[in-house]
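What the coordinates show
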Amino acid sequence: MPAEKPNENSSTSLTERASSGFLWLFIPNLVAKASGFIGQLILARLLAPRDFGLVALAYSIAALPKLLRDNGLLQVLIGKQEKIDRWVSAVFWFDLTAGILATVALAVAAPFCAIYFHQPQLTGLIWLVASGILINALTSVPMARLYYQLDFRKIALAGLQYNLGVLVTTVALAFLGFGAYSLLIPLPLLSAIRLIQYWRWAPSHIRWRLGLMRWGAIAKDAFPLAAGVFIFSLIAALPSIALGRIRTVAAAGIFYFGWNLSTQTLQLLSFNLMQVLLPVLTGLKDDLPRQAAAFLRVLRLVVFFTTPACAVVAVLAKPAVVMIFGPKWAVSAQVLAILSVGTPFALIGNPLVSYLQARHRYSFALYMALGMLAMAIPLTIAGAWLQGVILVAVGVVLQSVIGIPIVLYLSIRDSAAGWREVVSVFVPALPLGALAVLPIYALDSLCPELAKHNAANVLAGCAVAAIIYFGLAPLVCPAESGELWRRAVDLAGRIFKRR
């Protein structure tokens, strides 16, 4: 017994650091996502499904060349911790070289891809994506230094400014009639502004020597990370490619619109948590039980926090999307509802990758990605061929619901954890979320007039679900409920104190 208590206290301390940093990133990004939602509302009125389909294809085609850019160097540098100054020059030149190669490869491939998909506009759209890859090739060094310093506030501020800038410029271009180009033109310009901010906040002395002797060691660590990123990018791109080729570009756009709405939660929570967890967990790489215990506590907190929103979206997506974006996006609403069922599982993906990277289990992370790809290919192609948009969405959910728990178990079983701990991540939060939305169906039956009014139906359903979920949470999930409110109050206190 005496030996367990220090581990528990250390786990609690680590979880508090992670959750505090997560909230620093969460609140500004919540504002950014809310603004982005308003922008998407406007764009949905100004643009057609085909425009979104073209953008989805451009991003999908960029998945392979981005392997050269998204090469895991940021994660490698974060893992170096106190040795970061020895590696920054070699990583900078390696990253810049990879970015140039990726940009050239994508620029050359663009006209041929446009011919393959019979969409001449794709050439210019792909070139815009390529220019963003080159700019982002210069961000790994300053971002790694900010993560090493755990300066999440500056990272959050840069992200907030970037997202708000994208919102304003994208909407302005759409008003001016730029169509699909309005979604991509702002990205390289605002990425360049964000890059300048990063280097001002976290300067590094870059030597003119390329450090070629270190490139082999960099590539050895970075290749499994880069390959894993590419595979996950390919999994995300498969629906758009399959629908665009087997069905129509408009079908790809309809799926992409619903998928983009569903990933707002993933981007806001899962990616932010990934950014926080990697530098924090790396500090415990020599103590696996403590590391695993802290990681699981954070996962339980995230699933607890996101479950009610996912449950409400799954039930009320159709009236909400039709009310907000218009009837032409009704099928996208069904995509959103289906994908929301798998969101609590999909949320585990990025934090799980951070956990494996913190333990330097790069090869295992690559095998995990390959396993998910092997599941995604037949499900996506069969869904596009047999039915189209809806069945593709079902396939995406099955990948998460089946694959993520298995990978989580395989990742933690060498740390004295097993299926019981895996189940504890999702239970009782998911059953409680299902219970919270059941009264919405009863409300529709008791008040059929309410169902005819989308706004009233959505507001009443959200209110009922929130009251039930957070009312029962202290009884059913006392640890997660208490942790969430403690962290929120602590962060609010820090913000007001600074002011």
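Quick caveat, the model's predicted, so the values are computed rather than measured. (Residues numbered from 1 in each chain as written. Predicted model: local features only at pLDDT ≥ 70, side-chain atom pairs only at ≥ 80, totals over all residues. Heavy atoms only, no water.)

**Quick word on the environment of phenylalanine 178**
Tracing the backbone through its elements, the reader meets phenylalanine 178 in the loop between α8 (152-175) and α9 (186-201). Along the chain, phenylalanine 178 and leucine 47 lie 131 residues apart, while their C-alpha atoms are 9.4 Å from each other. (Helix = DSSP H or I, 4+ residues; strand = E, 2+ residues; numbered from the N terminus.)

**Some points on the packing of helix α7 (residues 140-148) against α9**
Two elements in contact, α7 and α9, have axes separated by 9 Å at closest approach and are oriented at 50°. Between α7 and α9, the angle is such that the two are oblique. When you trace α7 past α9, the crossing you get is left-handed. Residues Val141, Pro142, Met143 and Leu146 of α7 form the contact with α9, whose own contacting residues are Tyr198, Trp199 and Trp201. Each residue belonging to the contact of α7 with α9 can be placed in one class, and the counts come to seven nonpolar, no polar and no charged. (Axes fitted to C-alpha atoms, helices over the stretch in contact; angles between N-to-C directions. Parallel < 35°, antiparallel > 145°, perpendicular 65-115°, else oblique. Left-handed = near helix turned anticlockwise from the far one by under 90°. Contact = heavy atoms within 4.5 Å. Nonpolar A, V, L, I, M, F, W, Y, C, P; charged D, E, K, R; others polar.)

**Quick look at the side chain of serine 60**
Relative to the helices and strands, serine 60 resides in helix α2 (residues 49-61). A distance of 2.7 Å separates the side chain of serine 60 from the backbone oxygen of alanine 56, its partner in a polar contact. The residues contacting serine 60, other than those within four sequence positions of it, are Ala237, Ser240 and Ile241. (Polar contact = N/O pair within 3.5 Å; in protein donor to acceptor, adjacent residues only side chain to side chain.)

**Some words on the packing of aromatic side chains**
According to the stated counting rule, one finds 15 aromatic pairs in the structure shown. Pairing phenylalanine 92 with tryptophan 93 gives two aromatic rings, centres 5.1 Å apart and planes at 85°, and the pair type is edge-to-face. Residue classification places phenylalanine 92 among the buried residues on the basis of a relative accessible area of 13%. Taken together, the aromatic side chains of Phe52, Phe257, Phe325 and Trp329 make up a single cluster linked through ring pairs. Lying across the ring of tyrosine 162, arginine 194 places its NZ or CZ 4.1 Å from the centre. In this structure, arginine 245 packs its charged tip against the face of tyrosine 116, placed 4.2 Å from the ring centre. (Phe/Tyr/Trp six-rings, centres within 6.5 Å; stacked < 30°, edge-to-face > 60°. Buried < 20%, exposed > 50% of the residue type's maximum accessible area, 1.4 Å probe, protein only. Lys NZ or Arg CZ within 6 Å of the ring centre and 35° of its normal.)

Function cannot be inferred from these measures alone, as they are strictly geometric.
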